[in-house]
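Here's the letter readout for the chains.
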There are 4 protein chains.
Amino acid sequence: MILLVHGGREYLRAPGDELQTDLGVLDVPEDVSPGDVLETHLGEEFVVRAPRGPDLFNHFERTGAPMMPRDVGLIVGHTGAAAGDRVLDAGTGTGVLSAYLARLGAEVTTFERDPEFADVARENMDLAGVSDNVDVRTGDLTEELDDLSGFDLLTLDTGDAPEVVARAPDLLVSGGFLAVYSPFVENSHETVRTAREVGLSDVETLETIQREMDFGDRGSRPSTAGVGHTGYLTFARNE
Amino acid sequence: MILLVHGGREYLRAPGDELQTDLGVLDVPEDVSPGDVLETHLGEEFVVRAPRGPDLFNHFERTGAPMMPRDVGLIVGHTGAAAGDRVLDAGTGTGVLSAYLARLGAEVTTFERDPEFADVARENMDLAGVSDNVDVRTGDLTEELDDLSGFDLLTLDTGDAPEVVARAPDLLVSGGFLAVYSPFVENSHETVRTAREVGLSDVETLETIQREMDFGDRGSRPSTAGVGHTGYLTFARNE
Amino acid sequence: MILLVHGGREYLRAPGDELQTDLGVLDVPEDVSPGDVLETHLGEEFVVRAPRGPDLFNHFERTGAPMMPRDVGLIVGHTGAAAGDRVLDAGTGTGVLSAYLARLGAEVTTFERDPEFADVARENMDLAGVSDNVDVRTGDLTEELDDLSGFDLLTLDTGDAPEVVARAPDLLVSGGFLAVYSPFVENSHETVRTAREVGLSDVETLETIQREMDFGDRGSRPSTAGVGHTGYLTFARNE
Amino acid sequence: MILLVHGGREYLRAPGDELQTDLGVLDVPEDVSPGDVLETHLGEEFVVRAPRGPDLFNHFERTGAPMMPRDVGLIVGHTGAAAGDRVLDAGTGTGVLSAYLARLGAEVTTFERDPEFADVARENMDLAGVSDNVDVRTGDLTEELDDLSGFDLLTLDTGDAPEVVARAPDLLVSGGFLAVYSPFVENSHETVRTAREVGLSDVETLETIQREMDFGDRGSRPSTAGVGHTGYLTFARNE
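Residues numbered from 1 in each chain as written. Chains lettered and ligands numbered in written order. Predicted model: local features only at pLDDT ≥ 70, side-chain atom pairs only at ≥ 80, totals over all residues. Heavy atoms only, no water.

### Things to note about the packing of aromatic side chains
To describe a pair of aromatic rings, one takes the distance between the centres and the angle between the planes.
Right, on to step 1. According to the stated counting rule, one finds eight aromatic pairs over all chains in the structure shown.
Right, on to step 2. Across from the ring centre of Phe151 of chain B, 4.4 Å away, lies the NZ or CZ of Arg86 of chain B, which sits over that ring. (Phe/Tyr/Trp six-rings, centres within 6.5 Å; stacked < 30°, edge-to-face > 60°. Lys NZ or Arg CZ within 6 Å of the ring centre and 35° of its normal.)

### Overview of helix H4 (residues 115-128) of chain D
Residues and elements named next belong to chain D.
Right, on to step 1. Under the 1.5 Å per step criterion, the end-to-end length of H4 is 20 Å for 14 residues, consistent within 8% with the ideal 20 Å.
Right, on to step 2. The set of residues buried in H4 consists of Ala118, Val120, Ala121, Asn124, Met125 and Ala128. When H4 is viewed along its axis, its buried side chains cluster within an angular range of 160 degrees and face the same direction.
Right, on to step 3. Contacts from the buried residues of H4 go to helix H1 (53-59), helix H3 (96-103), strand E8 (107-112) and strand E9 (134-138).
Right, on to step 4. In the stretch just after H4, Gly129 is the one whose phi turns positive, near 70 degrees. (Helix = DSSP H or I, 4+ residues; strand = E, 2+ residues; numbered from the N terminus. Expected span 1.5 Å × (residues − 1). Buried < 20%, exposed > 50% of the residue type's maximum accessible area, 1.4 Å probe, protein only. Arc of directions from axis to C-beta. Contact = heavy atoms within 4.5 Å.)

### A look at the domain arrangement of chain A
Residue and element names in this part refer to chain A.
Right, on to step 1. Split into domains, chain A comes out as domain 1 (2-50) and domain 2 (55-237).
Right, on to step 2. A straight line from the C-alpha centre of domain 1 to that of domain 2 covers 33 Å.
Right, on to step 3. On the domain 2 side, the residues contacting the five residues of domain 1 number four residues.
Right, on to step 4. A combined buried area of about 370 Å² lies between domain 1 and domain 2, and 54% of that area is made up of carbon and sulfur atoms.
Right, on to step 5. For domain 1, the biggest contributors to the area lost against domain 2 are Leu3, Glu10 and Leu12; these three give 91% of the whole.
Right, on to step 6. Taken together, the connections running from domain 1 to domain 2 amount to zero salt bridges.
Right, on to step 7. At three residues, the largest contribution of residues to the side of domain 1 that touches domain 2 is made by strand E2 (residues 9-13). (Domains from an automatic or database assignment. Buried area = accessible area lost by both parts, 1.4 Å probe. Salt bridge = Lys/Arg side-chain N within 4 Å of Asp/Glu carboxyl O.)

### Some points on the pairing of strand E11 (residues 172-182) of chain A
Residue and element names in this part refer to chain A.
Right, on to step 1. Taken across its eleven residues, E11 has nine buried, putting it largely inside the fold.
Right, on to step 2. As paired elements, strand E10 (residues 151-156) and E11 share five bridges and run parallel to each other. Across the sheet, residue Leu153 finds its bridge partner in E11, namely Phe177.
Right, on to step 3. In terms of strand pairing, E11 meets strand E14 (residues 232-237) through six bridges, oriented antiparallel. Of the residues in E14, the one forming a bridge with Ala179 is Phe235. (Pairing = 2+ DSSP bridges.)

Quick look at the structure:
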């Protein structure tokens, strides 16, 4: 997929697609490349871009509040998610975390309980061009635990995360990481308690407050707008 | 490189290396794989692990305070750094950011002014197993700007970042991202001013406060230890 | 002044006043006391309350964004403002800080440059019942510095605070405190530089982030609403 | 009580006391006043100061971690504590909150369960010169609730605060405030639940993060030292 950009407008299309807007009709060549400039039949120009992670937030269909870039990033930073990682994920939702991880070369198996949400997530993986790297399974991870193992990374964004955490030592390779996202203190506490009970190491729950800085004519200051809480991130590692 | 782990001790070694400790001598086979269990001549067992991003903090030689996992992660999250990205970096330092980006499949060209620091960074890239993906150049990026272009991502951790930012439109592809790390308000402000002047879009400076949660017998609370400021992150995008 | 409260409605009135609403007419007796219950001619009851600091935010006429309860409180906490203190204040504005300080027994002299704002502030002091303790002067404190001295506390919320800070050693008694409120980093920095130059001690600038906690059915978490920056508070003490 | 200050050294003494240090002997006159300069028999000068709230932290004997100036201040700011208030307090501890409130003209009745702590608190009230305004009672407030009423402010820093909160409507006047300090989420939640159940209004729990700013030669930034969590403050108001 490529992005067609004209001023503040952008469209996600596949090579060979047609774009119809009030700026005219544009046929996307099969051999289109980022950096190309394409013209509509009315002579309007579109720049071709490779879509990046943050672009996904504009083009994914949402089935709930997607995980924010900061939280996706913190998971990557604190677990060292990297190319070649085998990732087990639950609570696919919109699929932003799965897509980000796939874009950096990980192989992701992700469980979504709601069949309609799972369908949307599959379409989103197509849009992100990572369908080959993300296996969206419709179902409940807690019922499939016996058949899964050998993952480098276990990422959970579900209310019943502690049930899965209890099995993390069987799911993860030695040195593999667990990352659990939860908006709530109690749920994070339960995750920590379980992680400690099953012998995971380096268990920690982090809370992140992020603010924008305003640089104006009168001076510099943190934004008066405020940035609210998203979720706690609990990390742990398999021995 | 692989990690040899015994209890709380771990050693980074290449296949074919020898490990000598008080637990005995261990020859690392050429075909060693993560998950293997190796024995020293005294019968002590070591588990073999693939090193991950956070392990680099334990094994890299430091030439200054390395960028923290959270800041590395935020750069990934907010720029969508991914496999195949061409990254231009300045202020290599210990090389943590370069190594993380290379581990997720990016091709990194990084500039370090101090020749000794650059040598250490090259050794660190060897340790991380990413020498093929990271080109550590000894020198000042501001003097090489005319010969560089076509990058997807420009990451700067230097006091003269604004000078480079002024050239970002020539260095970055359309849709490419800039990320500047600075501990200071004034320097971040100068970066923002420059980014706006040269027409970058989506310019924002973010400050991140991260705290650990304590879950104890008496209840849950944010840590009384406190987590200090690391740096502001300024992001911007090339039109 | 007393508050007349009926359900979610409240009115600030003086003894002897008349209250006319759709609930009927109510004559406030001259000897009214907090805790009394008064009836309108239609038989509707109003409870009589003594107004407290937070009530002032509902009843003061505003001439700009008033200082928030948290910042007023931090000034009290960090300077130990107390009964009998002589306070010199500049940038009266709505007058919330002056009224709070007067309510805890301080004698406040406050300067407001804008004559209309000063008039409103005087009316607000009447509403708060502290006119005897607050002298609202129309004018620029920087032009009156030669005639002032012997204050226990100097509180400034003006852009030219550093000019006044430069004279703080002459204005304050030994051990007296300075508190400067400023939204901006640069202005706070200038205040700190000046405070150090003129030999004040215990110079520090504090930034405060305050968040509400949400306790809901699904669990506890910091509010997703976020609370923005108000201002930096710089404190210093006269030797 | 007055403070005798010489350089970085300070001593709290009553009029008529004698001060003996290596700087010589000094007799404090009965009619000593802040601003006086006294000499020891060796001719060393001491400046006389009226002690202020923050000085109490240096001179109080501690029976645990005292409440910090910021939290004391926030209680004042959010409840409008003022001269003439009748305050009911539990968990006296070192007595900093009681002393601050008394210094701004409130009448405080405070309960401390530990008899030795209560004795220390009484001595601290003497040091602060507020013994007439603070009644330190040895005992458990939860056992005395039937005999108490008519308070403007109820301040609690005890693990069983919710038990007292359940009776707040009987303890407080109409419009009176409750302020509960607790380090823990669970305890704060229980306080909130109870406050709502008994019909208090404006129930909110606030968390405060305070950081110092560093203004150095290289620029301005929040301190790298970090400031940890102290406690949650829950406020509510009696209808």
